[in-house]
Amino acid sequence: QVQLVESGGGLVEPGGSLRLSCVATERIDDIYIMGWYRQAPGKQRELVAEITSDGTTNYHYSVRGRFTISRDKGKSTVYLQMNNLKAEDTAVYYCKGDRITTYSSEFGRRTGDYWGQGTQVTVFS
């Protein structure tokens, strides 16, 4: 099973920055969409940002201008740079990949949809 592993979460004061990383356990050869979602306590999971195979990006209106999603194809990694963080950004952040094509010597090429386990982001004053 391919895994997406997030890192980079933590505690930060309002106005601070964090960079989240999402790395696949196998080499990513192609994607349809990869995205970052978040879920705050008592709320539904929501899309924060996504990036397509051609680099087109889309953002939730509340993070536009503050967050940037990017992808390093060589490292099979997707990033979420979060600047000017606010208390309402506090949530567990999840990485998701839709129709990711990966390659490993053990399993060859395979395509699937995957979620990461999440990383906690807490913005407090």
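Colleague: An account of the state of the cysteines is needed here, citing residue identities and associated values.
Modeller: For the structure shown, the criterion picks out one disulfide. Each sulfur of the disulfide joining Cys22 and Cys95 lies 2.1 Å from the other. Taking the torsion about the S-S bond as the criterion, the Cys22 to Cys95 disulfide, at about -75°, is left-handed. Placement of the pair is Cys22 in strand 3 (residues 18-24) and Cys95 in strand 10 (residues 91-104), with a sequence separation of 73 residues. A single burial state applies to Cys22 and to Cys95, both of which are buried.

Colleague: Could you give me a rundown of the packing of aromatic side chains, with the residues and numbers involved?
Modeller: Across all of its chains, the model carries two aromatic pairs by this definition. Seen in terms of ring centroids, Tyr94 and Trp115 are 6.4 Å apart; in terms of plane orientation they differ by 85°. Their pairing is edge-to-face. With a gap of 21 residues between them, Tyr94 in strand 10 and Trp115 in strand 11 (residues 108-115) connect regions that are remote in the sequence. Given the relative accessible area of 14%, Tyr94 is considered buried. The class of Trp115 is partly exposed, set by a relative accessible area of 36%. What links up through ring pairs into an aromatic cluster is the set Tyr37, Tyr94 and Trp115. The ring centre of Tyr94 lies 3.7 Å from the NZ or CZ of Arg45, which sits over that ring. In this arrangement the basic side chain of Arg99 is found over the ring face of Tyr32, its NZ or CZ atom lying 4.2 Å from the centre.

Definitions and limits used
Residues numbered from 1 in each chain as written. Predicted model: local features only at pLDDT ≥ 70, side-chain atom pairs only at ≥ 80, totals over all residues. Heavy atoms only, no water. Disulfide = S-S within 2.5 Å. Helix = DSSP H or I, 4+ residues; strand = E, 2+ residues; numbered from the N terminus. Buried < 20%, exposed > 50% of the residue type's maximum accessible area, 1.4 Å probe, protein only. Phe/Tyr/Trp six-rings, centres within 6.5 Å; stacked < 30°, edge-to-face > 60°. Lys NZ or Arg CZ within 6 Å of the ring centre and 35° of its normal.

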